[in-house]
Structure formats: structure tokens, C-alpha cells
Amino acid sequence: MEELVIASVHGPVGHLELNRPGKLNALTLAMLQELHRVLRSWAEDPKIQLVLLTGRGERGFCAGGDIADFHAAVTGGRHADFLELLALEFRTDHLISVYPKPLMTLAHGITMGGGIGLASHAPVRLVTADAKLGMPEARIGYTPDVGGSHLLANAPGHFGEYFAMTASSFSGADAVYLGFADTVIGESFAESILDELDDLIGLGAAEIASAIEVLHSVPESRQLEIEQGWVDYAFGADTPEEVLARLDTMVHPAARRAAEAIAANSPTSVVAAFHSVRAARAEQNLRGALDRELRLAAHLMHQPDLAEGIRAQVIDKDRNPQWQPSSPREVNASALLALMDQ
């Protein structure tokens with residue numbers, strides 16, 4: 001059987017590769033267990049001085065969790081099993097964030113959801129210009145997790161609420177602007193990165209990040225900064241309903257597209273995502289954000305939108321989910337807020 005996570009040692013460098021390219025390296029329980037086991041082992045191994053995490057295949061680093069498995073769990077009554085998987089995933093993301101050695105991630109191509117959790121909490125976060133990142137959970141009746149609410153909360157202005165509610169994606173260059181990555185690197189360096197690490201051995205994570213930025217970064221073409229004004233006005237509102245009301249008054253084409261994107265998403269997810277980002281911004285603690293996201297996951301697993309959203313987007317692919325409730329005004333926001341305040 002082919003290994004879905006390949007762990008190899010090259011002198012002082014430990015290299016972890018996600019190896020499920022046919023499924024965009026979508027994460028399974030076995031993959032998460034192996035990632036967590038190896039990361040813990042290498043953290044205590046004095047021979048390993050630097051860790052590199054990459055994903056095999058040209059199409060992407062990691063598309064997130066295996067959505068088909070998620071659907072099977074919530075429709076088959078195995079909610080507790082999948083919640084255990086999420087708990088392990090969140091522990092792995094947190095381990096990456098506090099790793100005692102320089103840990104470098106390289107995000108390329110599709111990097112979504114759980115892929116963000118692996119790539120964007122690391123001490124050294126590299127991204128290619130062709131990368132497409134995002135937290136698309138609101139499209140399937142879920143909410144940003146893997147610490148995504150924490151990352152979104154710390155994006156400039158109110159881009160966090162914008163990306164959480166619209167479930168839109170962004171480029172590698174914009175990932176740096178938003179705080180999801182440190183440096184955009186060129187394709188040649190990305191392809192030969194293992195051969196380029198010898199000179200970085202012995203340096204701290206911050207020094208490695210600075211060295212790579214100086215030596216291997218490529219010019220960034222950022223698009224988001226020019227959108228800051230209208231995004232902050234609309235998404236700086238006090239409630240999701242007021243965000244939508246402000247968008248409805250705007251003639252800016254991008255604002256119209258944002259309103260249309262939100263309207264297509266699960267209303268329950270939109271409300272949960274908005275408040276999750278606000279709670280994470282107030283708390284400023286990744287561990288707290290992960291705990292909150294796990295409570296929200298346990299709740300949303302039992303709501304009709306999650307199974308329906310995955311069915312519409314992934315299983316039947318009719319792109320016509322029937323959300324319950326059908327409007328953010330009808331969502332029980334009090335129940336969601338109670339989960340966030342625990």
C-alpha cells in the first residue's frame with residue numbers, strides 16, 4: 001500500500017510530504033495520525049534541526065479534509081468519530097504553531113481549509129505565486145476551522161469577515177498581505193527547495209524566513225489592498241444582517257459579487273463565520289480559537305446544512321443546496337453565540 005504521508009530524513013532536515021495527489025492531498029485520519037506522530041518524534045530528535053512540509057502533485061498542497069468522509073460520517077451517525085478526527089487535526093495544527101524547531105511549509109496550487117491549518121500556522125510559511133488559498137466552509141454548511149478564524153481575525157481591516165462569509169479564495173501574493181504566508185517564492189526555488197536548505201541549518205525560524213525573503217522572493221502582484229475601503233465599510237458592521245444591508249446599498253461591482261456569494265452560502269454558516277472571526281479577534285489566542293471551532297463543529301454536524309451542502313457541492317454536484325433556514329435573519333444566532341462564549 002502506498003504511503004499517504006512520506007517521512008524522509010536528509011541529514012539534519014526532516015521532510016514530510018503529503019502523498020495523495022489524486023485527491024489534492026485531502027486529509028484522512030490515517031494521514032493526520034502519521035503527521036502528528038512524526039512531528040512529535042522529530043521535535044525530540046536532536047539530529048533533526050529543520051522540518052519541511054510539502055504536498056506532492058502539481059495541483060495543490062492540500063485541499064483540506066476529505067469531504068466525502070465528512071459526509072459519510074454525518075449521514076451515517078458517526079458524528080463522534082469525525083469529531084475525534086477534527087480534534088486530532090486541531091492538535092496537529094497547534095503543534096505546528098508552537099513547534100520547537102524551524103518548521104517550513106510550502107503551499108502551492110490548491111490550499112484550502114485543512115491545508116491552511118497545516119501551512120499557515122508554521123514558523124516559516126512559503127507560498128508560490130500560483131497558489132489559490134481560502135476558507136470555503138460556508139459553501140458546505142460548515143464554518144472556518146483549523147485556526148482559520150484566528151488567521152482571518154488578524155487579516156487587515158475586516159477582510160476576515162469578508163473571506164469567512166463569502167468563502168472566496170485568494171492568491172499567493174494576497175496570502176502574504178492577509179497574514180496567511182510570509183513570502184512568495186519562485187517556481188525554481190520551490191522545485192529545488194530541499195537542495196537549498198543546507199545554508200539555513202542552525203538559523204532560527206525568523207532568520208530563515210528573512211533569508212528566503214531576501215534571496216528567493218519574487219515580485220508580488222497584490223489585488224486586495226485597493227479593495228480595503230469598501231470591504232471595511234461593509235464588513236465592519238455590527239451584525240451579519242447589517243453587513244448584508246450595507247452591501248445592498250453599494251454599487252461597487254465587487255460589493256455586488258460579495259453579496260451574491262454570501263446569498264449562495266449556508267445562512268447558518270455565514271452567521272457562525274462572522275461571529276467566530278469577531279470572537280477570535282477579541283481573544284487573540286490560537287488555542288482558544290481552535291477550541292471554539294471544535295464546539296461549533298460539534299454543533300454544525302447535527303444541523304441539516306452540512307450534509308446538504310456537501311451533497312450539493314461534492315456528492316451530487318448539482319450546486320443547488322436547500323438551506324435550512326434559508327435566511328440569516330432566521331438563524332438562531334443566540335445558540336451560536338452561546339457556544340462561542342463557553
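Residues numbered from 1 in each chain as written. Predicted model: local features only at pLDDT ≥ 70, side-chain atom pairs only at ≥ 80, totals over all residues. Heavy atoms only, no water.

## Re the pattern of salt bridges
Our working definition: Any Lys or Arg side-chain nitrogen found within 4 Å of a carboxyl oxygen on Asp or Glu counts as a salt bridge. Accessible area is worked out with a 1.4 Å probe on protein chains only. A residue is then buried under 20% of its type maximum, exposed over 50%, and partly exposed in between.
Counted according to the given criterion, the structure contains 13 salt bridges. Between K47 and D45 there is a salt bridge whose closest N-O contact spans 3.3 Å. The shortest N-O distance in the salt bridge between R311 and D316 comes to 2.9 Å. Judged by relative accessible area, D316 falls into the partly exposed class, the value being 48%. What you see here is one network of salt bridges that share partners, running through E308, R311, D316 and D318.

## Comments concerning the layout of surface pockets
Over the atoms rolls a probe the size of a water molecule, and its path tells where empty space is left. Filter applied, for reference: Only protein atoms enter the 1 Å grid used here. Points where a 1.4 Å probe fits but cannot escape make up a cavity, open sets with protein on both sides within 12 Å along at least five of seven lines make up a pocket, and a residue lines them when an atom lies within 4 Å of a point. Grid points are joined across faces, edges and corners, and a volume is the space filled by probe spheres set on the points. Here a helix means four or more residues in a row that DSSP labels H or I, a strand means two or more in a row labelled E, and each is numbered from the N terminus. Under the scheme applied here, ten amino acids are nonpolar (Ala, Val, Leu, Ile, Met, Phe, Trp, Tyr, Cys and Pro), four are charged (Asp, Glu, Lys and Arg), and all others, including Gly, are polar.
In this model, the largest pocket occupies a volume close to 940 Å³. Around the largest pocket, the lining is made up of 31 residues, and of these A63, G65, I67, P136 and V314 lie nearest the centre. Within the residue set of the lining of the largest pocket, elements represented by two or more residues are α2 (67-75), α3 (79-97), β6 (110-112) and α15 (304-315). The biggest single contributor to the lining of the largest pocket is α3, with 4 residues. Class assignment for the residues of the lining of the largest pocket results in 16 nonpolar, 6 polar and 9 charged. Taken together, 20 residues line the second largest pocket, and the ones lying closest to its centre are G57, L106, H108, A190 and E191. Contributions of two or more residues to the lining of the second largest pocket are made by β2 (13-18), β3 (50-55) and α8 (187-191). Looking at the lining of the second largest pocket, its residues break down into 7 nonpolar, 7 polar and 6 charged.

## Focus: the sheet that holds β6
Worth spelling out the cut-off: One requirement defines pairing of two strands: DSSP has to find at least two bridges between them. Every angle, taken between N-to-C directions, lies between 0 and 180 degrees, and every axis is a line fitted to C-alpha atoms, over only the stretch in contact when it is a helix.
Taken together, the 4 strands give an open sheet; going across it, the order is β4-β6-β8-β9, and neighbouring strands pair in mixed fashion. Looking along the sheet, the strands with just one partner apiece sit at the ends: β4 (60-62) and β9 (169-171). Between one strand axis and the next, the sheet turns through 25 degrees on average, direction left out of account. In the sheet, β6 pairs with strand β8 (residues 132-134) via 3 bridges, with the strands oriented parallel. Bridging from a neighbouring strand, I110 pairs with K132 of β8.

## Thoughts on the packing of aromatic side chains
Each aromatic ring pair is characterised by the separation of its centres together with the angle its planes make. Selection criterion: Note on aromatic pairs: the rings of Phe, Tyr and Trp (six-membered ring only in Trp) are paired at centre separations within 6.5 Å, and the planes decide the class, stacked below 30 degrees, edge-to-face beyond 60, tilted for the rest.
Per the stated rule, a full pass over the model turns up 11 aromatic pairs. The interplanar angle of 65 degrees and the centroid separation of 5.1 Å between the aromatic rings of F170 and F180 together place this pair among those described as edge-to-face. Of this pair, F170 sits in strand β9 while F180 sits in the loop between α7 (172-178) and β10 (183-185); the two residues are 10 residues apart in sequence, bridging distant segments of the chain. Comparing F170 with F180, the two get one shared label, buried.

## Observations concerning the nonpolar core
Heads up, the condition is: Nonpolar core, defined: a set of buried Ala, Val, Leu, Ile, Met, Phe, Trp, Tyr and Cys residues in which side-chain atoms within 4.5 Å join the residues together. The contact rule is simple, with two residues in contact once any of their heavy atoms fall within 4.5 Å.
Core analysis: the largest hydrophobic core is formed by 84 residues, its most contacted members being L18, F159, L178, W230, F235 and L247. Counting residues per element, this core draws most heavily on α3, which supplies 7 residues. For W230, the contacting residues outside a window of four places in its chain are Y162, F235, L247, M250, H252, A254, A255 and A258.

## Quick word on the pairing of strand β7 (residues 124-128)
Burial analysis of β7 places 5 of its 5 residues in the buried class, the great majority of the element. With burial as the criterion, each face of β7 is covered, one bearing V124, L126 and T128 and the other bearing R125 and V127. The sheet contact formed by strand β5 (residues 103-107) and β7 spans 4 bridges and is parallel. Across the sheet, M104 pairs through a bridge with V124, a residue of β7. Where β7 meets β10, 3 bridges bridge the pair, whose relative direction is parallel. Looking at β10, one finds that T128 is bridged to I185.

## Let's talk about the packing of helix α14 (residues 286-300) against helix α16 (residues 333-340)
Put simply, the rule reads: Throughout, the term roughly parallel applies to angles under 35 degrees, roughly antiparallel to angles over 145, roughly perpendicular to angles from 65 to 115, and oblique to all others. Less than a right angle of anticlockwise turn of the near helix away from the far helix marks a crossing as left-handed, whereas a clockwise turn marks it as right-handed.
Taken N-terminus to C-terminus, the directions of α14 and α16 make an angle of 140 degrees; their axes are 9 Å apart at the nearest point. Of the possible angle classes, the one that applies to α14 and α16 is oblique. The hand of the α14/α16 crossing is right-handed. Of the residues in α16, those in contact with R292, R295, L296 and H299 of α14 are L336, L339 and M340. Split into classes, the residues belonging to the contact of α14 with α16 amount to 4 nonpolar, 1 polar and 2 charged.

## Here's the deal with the pairing of β3
Counting buried residues along β3, 6 of its 6 residues qualify, which places the element largely inside the surrounding structure. Where burial is concerned, the two faces of β3 agree: the one with L50, L52 and T54 and the one with V51, L53 and G55 are both buried. Pairing of β2 with β3, which is carried by 6 bridges, proceeds in the parallel orientation. Directly across from H15, in β3, lies its bridge partner L52.

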